[in-house]
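So the chains spell out like this:
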Amino acid sequence: MAVPNNPYNKLLKTLEINGKSYKYYDVVALGEKYDRLPFSIRVLLESCVRNCDGFQVLPQDVENVLNWEVNQKSDDVEVAFKPARVILQDLTGVPAVVDFAAMRDAVKDLGGDPDKINPICPADLVIDHSVQVDFARTTDALHKNQELEFERNKERFQFLKWGAQAFNNMMIVPPGSGIVHQVNLEYLARVVFTEDILYPDSVVGTDSHTTMINGLGVVGWGAGGIEAEAVMLGQATSMLLPKVVGYKLVGELNPMVTSTDLVLTITKHLRSLGVVGKFVEFFGPGVSALSIADRATVANMCPEFGATVAHFPVDERSLDYLGQTNRPAEKINIIRAYLKATKQFRDYTNPEQDPVFSEIVELDLSTVVTSVSGPKRPQDRVSVADMKVDFQQCLTNKIGFKGYGLSPDQLSASGSFSFSDGKQYSIRHGSVIIAAITSCTNTSNPSVMLGAGLLAKKAVENGLSVLPYIKTSLSPGSGVVTYYLRESGVIPYLEKLGFNIVGYGCMTCIGNSGPIEDNIANTIEKNELVCCGVLSGNRNFEGRIHPNTRANYLASPLLVIAYALAGTVDIDFQTQPLGKRADGTPVFLNDIWPTRAEIQEVENKYVIPGMFKEVYEKIEQGSPSWQTLDVPKGKLYGWDPNSTYIKKPPFFDGMTRDLPPIKSIVGARCLLLLGDSVTTDHISPAGSIARNSPAARYLASRGLTPREFNSYGSRRGNDAVMSRGTFANIRIVNKMAAAPGPRTRHLPSGDDMDVYDAAERYAKENVPLIAIVGKDYGSGSSRDWAAKGPYLLGIKAVIAESFERIHRSNLVGMGVMPLQFLPGQNADTLGLTGREKYEIQVPEDLKTHQLLDVKVDNGTTFQVQVRYDTEVDLSYFRHGGILNNMIRKML
């Protein structure tokens, strides 16, 4: 419905399509300024026009976006944006539903109507992060892993199923269906909403790789879980009007190069260019040659190069993809007509359609070479031709993103172990321990998945095999992938090499790689080996994939198999064979690498609409286990005090109707002093719970055995576990602690303690806390617990050299102050050790970007800039967080 009293309702027009009439806002009538806007900005403008209510979205917002060409040159033009929908995965969906349930209780306790807490904006929740690779290299691995998934997560699944019936406008995609972003691409994405009024699809999601949907022409990005909850409740999200980098693609990819190689090249390029907080929009004739799956692969890794979106406007190829994935022809005709009427339909070969950009960069696709990225960051691309030399240099480089600091006499280290097959094996630096075809980045792309299958077929036919101790796995992003792999006949060859299907979900990419045999782990640890994981994922931060794979490389599914066959990353594929045929002749990678033409032929034959229809028409039904899952009824949740998965959070304890007073931070201690590129994986791990950790001790005290601990990600509905898991990454380096790991120094006692234990002790002493960190703090996944956890530890402010966009927003949403060092200053230049006491004066009339004085008890005083970037940020600060703000609004 049109918003009442919207001054832009005069732009409402009627579009006749196939004999039916549809209303839409004729944004083209706003004038020639519209024609010069980037296509991604046109989506923001249409949303402002359609939702202009004079309260959340103002006429000034429309003018600000319409005048983007001028306003983008400023860094402080704020606009309101209402996305069309929200998407969640279960690791972020559970805490969202927990928060909603707790908000209902809080509203009731404060005398309001709890039923007002209901999603207004449509929300889709895909359960995809809860399955891990416990079983691999066996035909029943899928069944066993899914059984374990239900056994471990039954309580979480019951809670989510309760949420689906307790809250309006919330749809649950059951476990075992696929990865959230692939399901979004293949099924959930509307491209254009066609009910009542036509308008573009747009989405925010509680996973940073929500950006993948931009490959289909839908503007979407990852938001903090807390921010997404507010959007679900009908709130506009406040954002700074972004600059838009035009990324021009020319030429064509080499026939031997994959979309994975392209995205790793773009990631390194844009990360070095610096696009944090900006939109990237692709244009140029080279785009036309990329399939939607190729574009989605590039858009997926947008968080790794730091942009807000990596957008490919809709073109005819986009509509062909909608047809291929079984979207109705009538709907596709409506999408085409509407987008053409509003000048949102792109012809990449027509330069006259090229809009104005903030800046333009160019890539010749013919220059892209076969690549991997690693060993510790996704932006550290290495050409496969240079891989052997690069890895060897990493071993001796000083400790850092590209170094392990090994001495010359450590380079020859190796170790032997007995495997479960009764044989002895030897491993050394570079040995591959995990090889996983995983992650929506690649499993959504038939060309690389079928390419991997064809490579496996040729490998088996040439007598090659994978060493049995390498944990190989294949986790498709949807049932459609299994369908076309099976129909094309490549599954037997993948299985012959150990790449059995193990589940449908993020799995190894999110850290759910499961255990390796103790003999292998002990050999790695005893000999201090730098062993490797190779995965077709998007993240390879330290400690994320597996504790025993210190080096992890992102690669195409084809290269995952290649390195598994080689058994090591310390290889030059040009000069060293993968193995030998039965007659003793060598087999090189080039001998078995399929051409693009071979792959295309198979794809055209086997990736058909009928597959998508069959898989997705029953996706909401779920498995028999899901269908028979009993759930409680009612609008208010009955919290179980004995639950170790679902617990009522303390965020609203003691909350009042009135605003709390603004307080300065006095007598604060530094809980952690951290360096650059501290990720949300460092702050709030998603993987396994170490047996000697505070979280493990808590779970053990509740009667659980280590086998029942599950992962941090699965326990995000329980604040008692998650607060204990904050800063629990085994690779974190706190400069206040004696050694790497989740430790700190309590002051003034000087006791070396677990981070949680120190925070608990400070809380008993009524001492407020801060954290002092370096550049790019909070990069990685859009993880709301990376803000909730520090808040529960008592951290009042984080002083950083710079913040990752989503994490800054999450800190604001939780009432933790994001403070930024002035340019040229950091802990080192100011001589801060973390052992001092700190005082931060916060005025009652705090302004956006205001400079605040920080007084240190050693006599030093320095200034920081408060990173409240908008008036809405300040409003959340005054309320003590975004959810508190929402509750008071409901009252």
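Residues numbered from 1 in each chain as written. Predicted model: local features only at pLDDT ≥ 70, side-chain atom pairs only at ≥ 80, totals over all residues. Heavy atoms only, no water.

## Some words on the overall build of the protein chain
Then comes step 1: From N to C terminus, the protein chain includes 32 helices and 34 strands.
Then comes step 2: Computed over its C-alpha atoms, the radius of gyration of the protein chain comes to 26 Å, within 12% of the 29 Å expected for a compact globule of 891 residues.
Then comes step 3: Across its three principal axes, the protein chain shows a C-alpha extent of roughly 80 × 80 × 55 Å.
Then comes step 4: Sorting the 891 residues of the protein chain into buried and exposed places 63% on the buried side.
Then comes step 5: Across the protein chain, the fraction of contacts at a sequence separation of at least 24, relative to all contacts at a separation of at least 6, is 75%.
Then comes step 6: Taken as a whole, the protein chain presents about 31,100 Å² of accessible surface, with 49% of it coming from carbon and sulfur.
Then comes step 7: Across the protein chain, the centroid of the 91 positively charged side chains sits 2 Å from that of the 99 negatively charged ones. (Helix = DSSP H or I, 4+ residues; strand = E, 2+ residues; numbered from the N terminus. Rg over C-alpha atoms; globule rule 2.2 N^0.38 Å. Buried < 20%, exposed > 50% of the residue type's maximum accessible area, 1.4 Å probe, protein only. Contact = heavy atoms within 4.5 Å. Areas by Shrake-Rupley, 256 points an atom, 1.4 Å probe, with all protein chains shown as cover. Lys, Arg positive; Asp, Glu negative; His and termini not counted. Charge placed at Lys NZ, Arg CZ, Asp CG, Glu CD.)

## Side note on the pairing of strand β26 (residues 665–673)
Then comes step 1: Taken across its nine residues, β26 has seven buried, putting it largely inside the fold.
Then comes step 2: As defined by bridge partners, β26 adjoins strand β29 (residues 769–772) across four bridges and the pair is classed as parallel. Residue pairing across strands places Leu-672 opposite Ala-771, the latter belonging to β29. (Pairing = 2+ DSSP bridges.)

## Quick look at the nonpolar core
Generally speaking, a soluble globular protein has its nonpolar side chains buried in company with each other.
Then comes step 1: In terms of nonpolar packing, the biggest core is built from 151 residues, with Phe-282, Leu-485, Phe-499, Leu-559, Ile-561, Tyr-563 and Leu-565 touching the most fellow members.
Then comes step 2: With nine residues, helix α16 (residues 446–461) is the single largest residue contributor to this core.
Then comes step 3: When sequence neighbours within four positions are dropped, the list of residues in contact with Phe-499 reads Ala-435, Ile-437, Thr-472, Ser-473, Leu-474, Leu-494, Val-560, Ile-561 and Ala-564.
Then comes step 4: Listed in part, the 143 residues of the second largest apolar core include Tyr-34, Cys-52, Val-98 and Phe-167. (Core = buried A, V, L, I, M, F, W, Y, C linked by side-chain atoms within 4.5 Å.)

## Brief notes about the packing of helix α8 (residues 225–232) against helix α32 (residues 882–890)
Then comes step 1: Interaxial distance between α8 and α32 falls to 9 Å at its minimum, and their mutual angle equals 20°. Here α32 runs roughly parallel to α8, going by the angle between their axes. Seen along the crossing, α8 lies across α32 with a hand that is left-handed. Residues Ile-226, Glu-227, Glu-229 and Ala-230 of α8 form the contact with α32, whose participating residues are Ile-882, Leu-883 and Met-886.
Then comes step 2: Among the residues making up the contact of α8 with α32, the classes are represented as five nonpolar, no polar and two charged. (Axes fitted to C-alpha atoms, helices over the stretch in contact; angles between N-to-C directions. Parallel < 35°, antiparallel > 145°, perpendicular 65-115°, else oblique. Left-handed = near helix turned anticlockwise from the far one by under 90°. Nonpolar A, V, L, I, M, F, W, Y, C, P; charged D, E, K, R; others polar.)

## Brief notes about empty space enclosed by the protein
Then comes step 1: Counted according to the given criterion, the structure contains eight cavities of 30 Å³ or more.
Then comes step 2: Considered as a void within the structure, the largest cavity measures approximately 150 Å³ in volume.
Then comes step 3: By residue class, the composition of the lining of the largest cavity is four nonpolar, seven polar and four charged. (1 Å grid on protein atoms, 1.4 Å probe; cavity = no way out; pocket = protein on both sides within 12 Å on 5 of 7 lines; lining within 4 Å. Points joined across faces, edges and corners; volume = space filled by probe spheres on them.)

## A look at the pairing of strand β31 (residues 817–821)
Then comes step 1: Burial analysis of β31 places five of its five residues in the buried class, the great majority of the element.
Then comes step 2: Neither face of β31 is exposed, since Met-817, Leu-819 and Phe-821 on one face and Pro-818 and Gln-820 on the opposite face are all buried.
Then comes step 3: One ladder, built from four bridges, connects strand β30 (residues 795–800) with β31; its direction is parallel. The partner of Ile-799 across the bridge, within β31, is Leu-819.

## Things to note about the environment of Asp-196
Then comes step 1: By secondary structure assignment, the location of Asp-196 is in the loop between β7 (192–193) and β8 (197–200).
Then comes step 2: Note: C-alpha distance between Asp-196 and Met-1 (195 residues apart in sequence) is 6.3 Å.
Then comes step 3: Excluding residues within four positions of it along the chain, Asp-196 makes contact with Met-1, Ala-2 and Lys-23.

## Considering the sheet that holds β7
Then comes step 1: Strand order in the open sheet made by the four strands is β1-β2-β8-β7, with mixed pairing throughout. Two strands lie at the open edges of the sheet, namely β1 (12–17) and β7, each paired on one side alone.
Then comes step 2: In this sheet, β8 lies alongside strand β2 (residues 20–25) in parallel orientation, the contact comprising two bridges. When the sheet's bridge partners are listed, Lys-23 is paired in β8 with Ile-197.
Then comes step 3: Lying over the sheet, helix α2 (residues 39–50) contacts β2 and β8, oriented at roughly 145° with respect to β8.
Then comes step 4: Each of β1, β2, β7 and β8 is contacted by helix α13 (residues 329–341), which is oriented at about 135° to β1, the strand it contacts most.

## Here we look at the state of the cysteines
Then comes step 1: Under the definition given, this model contains zero disulfides.
Then comes step 2: Of all cysteine sulfurs, the one in Cys-532 lies closest to Cys-394, which takes part in no disulfide; the gap is 9.8 Å.
Then comes step 3: The buried category is assigned to Cys-394, whose relative accessible area is 1%.
Then comes step 4: In this structure Cys-506 is a free cysteine whose sulfur lies 5.8 Å from that of Cys-440, the closest cysteine sulfur available. (Disulfide = S-S within 2.5 Å.)

## Some details on the packing of helix α17 (residues 479–487) against helix α23 (residues 609–616)
Then comes step 1: For the pair α17 and α23, the least separation of the axes is 9 Å and the interaxial angle reads 135°. Overall, the two elements α17 and α23 adopt an arrangement that is oblique. The interaxial crossing formed by α17 with α23 has right-handed handedness. Side by side, α17 and α23 meet where Gly-479, Val-480, Tyr-483, Tyr-484 and Glu-487 of the first sit next to Met-611, Phe-612, Glu-614, Val-615 and Tyr-616 of the second.

## What to know about the side chain of Thr-92
Then comes step 1: With respect to the element layout, Thr-92 can be found in helix α5 (residues 90–109).
Then comes step 2: Using a relative accessible area of 2% as the deciding quantity, one classes Thr-92 as buried.
Then comes step 3: Separated by 2.5 Å, the side chains of Thr-92 and Thr-206 make a polar contact. (Polar contact = N/O pair within 3.5 Å; in protein donor to acceptor, adjacent residues only side chain to side chain.)

## Observations regarding the pattern of salt bridges
Close approach of charged atoms lets side chains of opposite charge pair.
Then comes step 1: All told, the structure shown has 46 salt bridges when counted by the stated rule.
Then comes step 2: Taking the shortest distance from any N to any O, the salt bridge between Lys-376 and Glu-542 comes out at 3.8 Å. Taken as a pair, Lys-376 in the loop between β16 (371–373) and β17 (381–383) and Glu-542 in the loop between β22 (532–535) and β23 (551–554) lie far apart in primary sequence, 166 residues in all.
Then comes step 3: On the accessibility criterion, Glu-542 (28% relative accessible area) is partly exposed. (Salt bridge = Lys/Arg side-chain N within 4 Å of Asp/Glu carboxyl O.)

## Quick word on unusual backbone geometry
Then comes step 1: Pro-375 follows Gly-374 through a cis peptide bond whose omega is 10°.
Then comes step 2: With respect to the element layout, Pro-375 can be found in the loop between β16 and β17.
Then comes step 3: For the bond from Leu-747 to Pro-748, the omega torsion is 10°, close enough to zero to count as cis.
Then comes step 4: Mapped onto the secondary structure, Pro-748 falls in the loop between β27 (743–745) and β28 (752–754).

## Describing the packing of aromatic side chains
Then comes step 1: For the structure shown, the criterion picks out 27 aromatic pairs.
Then comes step 2: Ring plane angle 65° and centroid distance 6.3 Å describe the contact between Phe-157 and Trp-626, whose orientation is recorded as edge-to-face. Of the two residues, Phe-157 is situated in helix α6 (residues 141–166) and Trp-626 in helix α24 (residues 624–627); the sequence distance between them amounts to 469 residues. For the pair formed by Phe-157 and Trp-626, the shared burial category is buried. (Phe/Tyr/Trp six-rings, centres within 6.5 Å; stacked < 30°, edge-to-face > 60°.)

## Here we look at the sheet that holds strand β13 (residues 279–283)
In any sheet, the strands associate via hydrogen bonds between backbone groups, in a parallel or an antiparallel arrangement.
Then comes step 1: Read from one edge to the other, the open sheet built from four strands follows the order β14-β13-β12-β15, with strand pairing classed as parallel. The two strands at the open ends of the sheet, each matched to only one other strand, are β14 (309–311) and β15 (359–364). The sheet shows a mean angle of 20° between the axes of neighbouring strands, taken without regard to direction.
Then comes step 2: Judged from the five bridges that link them, strand β12 (residues 244–250) and β13 form a sheet pairing that is parallel.

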